[in-house]
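Below are the chains, spelled out letter by letter.
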Amino acid sequence: MTRDTQSACIVMIEDDEGHARLIEKNIRRSGVTNDIVSFSDGTSALAYLFGPDGSGQASMGRALLILLDLNLPDMTGIDILARLKTNPYTKRFPVVVLTTTDDRQEIQRCYDIGANVYVTKPVNYESFATAIRKLELLFSIMEIPEAVA
């Protein structure tokens, strides 16, 4: 990541442990050294992002980039995305939807709600690894805003 995004923390919300390892491994291979905080369900991710009181103030002053799977065990990624984008403290965080769902309506819905990027995970291991490594280009030019103070 560039100087502007080096302090950003990557929040990965991915329930498939194999996918999570592959995503992190390929992000690291691209030279990205930012902290990665992983969650395997929406409930714990939202607790981290919105804090104990659920207001979102816990994210004030943070610079976060969120990698979001849509298919989670306890809630949909669409629900998480909607909560993030309607909260004044988290609405500016870039969200990269990274999922196996390639339904055109779901893709449009994510963009309508506020996703910044939508990436369909290829089924083939090598294609998946390549897709994740290509995200580094996006990370290198993306500026991550801090949460509203």
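Since the structure is predicted, the reported quantities are computational estimates derived from the model, not experimental observations.

What follows deals with the overall build of the protein chain. Helix and strand counts for the protein chain stand at five helices and five strands. Its helices and strands taken in sequence order, the protein chain reads β-α-β-α-β-α-β-α-β-α from the N to the C terminus. A buried classification covers 46% of the 149 residues belonging to the protein chain. Here the protein chain displays about 7,400 Å² of accessible surface, and carbon together with sulfur accounts for 49% of that area.

On to the side chain of Asn 34. Along the chain, Asn 34 falls in the loop between helix 1 (17–29) and strand 2 (36–39). There is a polar contact of 2.6 Å between the side chain of Asn 34 and the backbone oxygen of Ala 8.

Moving on: helix 4 (residues 104–113). Where helix 4 begins, the side chain of Asp 103 points an oxygen toward the backbone nitrogen of Gln 105, at a separation of 3.0 Å. Within two residues after helix 4, Gly 114 carries a phi angle of roughly 135°, on the positive side.

A few words on empty space enclosed by the protein. Scanning the entire structure with this criterion turns up one cavity of 30 Å³ or more. For the largest cavity, the calculated volume is near 30 Å³. Taken together, Met 12, Ile 13, Glu 14, Ile 23, Leu 67, Leu 68, Asp 69 and Leu 98 make up the full set of residues lining the largest cavity. Elements supplying a minimum of two residues to the lining of the largest cavity: strand 1 (9–13) and strand 3 (64–68).

Look at the UniProt record and you will see "modified residue: 4-aspartylphosphate" (unreviewed entry) annotated at Asp 69. Note that Asp 69 resides in the loop between strand 3 and helix 3 (77–86). Apart from residues no more than four positions distant in its own chain, Asp 69 is found in contact with Ile 13, Glu 14, Asp 15, Gly 77, Leu 98, Thr 99 and Lys 121. At a separation of 3.4 Å, a polar atom in the side chain of Asp 69 contacts the main-chain amide nitrogen of Asn 71.

What counts, and at which threshold
- Residues numbered from 1 in each chain as written.
- Predicted model: local features only at pLDDT ≥ 70, side-chain atom pairs only at ≥ 80, totals over all residues.
- Heavy atoms only, no water.
- Helix = DSSP H or I, 4+ residues; strand = E, 2+ residues; numbered from the N terminus.
- Buried < 20%, exposed > 50% of the residue type's maximum accessible area, 1.4 Å probe, protein only.
- Areas by Shrake-Rupley, 256 points an atom, 1.4 Å probe, with all protein chains shown as cover.
- Polar contact = N/O pair within 3.5 Å; in protein donor to acceptor, adjacent residues only side chain to side chain.
- 1 Å grid on protein atoms, 1.4 Å probe; cavity = no way out; pocket = protein on both sides within 12 Å on 5 of 7 lines; lining within 4 Å.
- Points joined across faces, edges and corners; volume = space filled by probe spheres on them.
- UniProt positions renumbered as here; feature names shortened; annotations may be inferred.
- Contact = heavy atoms within 4.5 Å.

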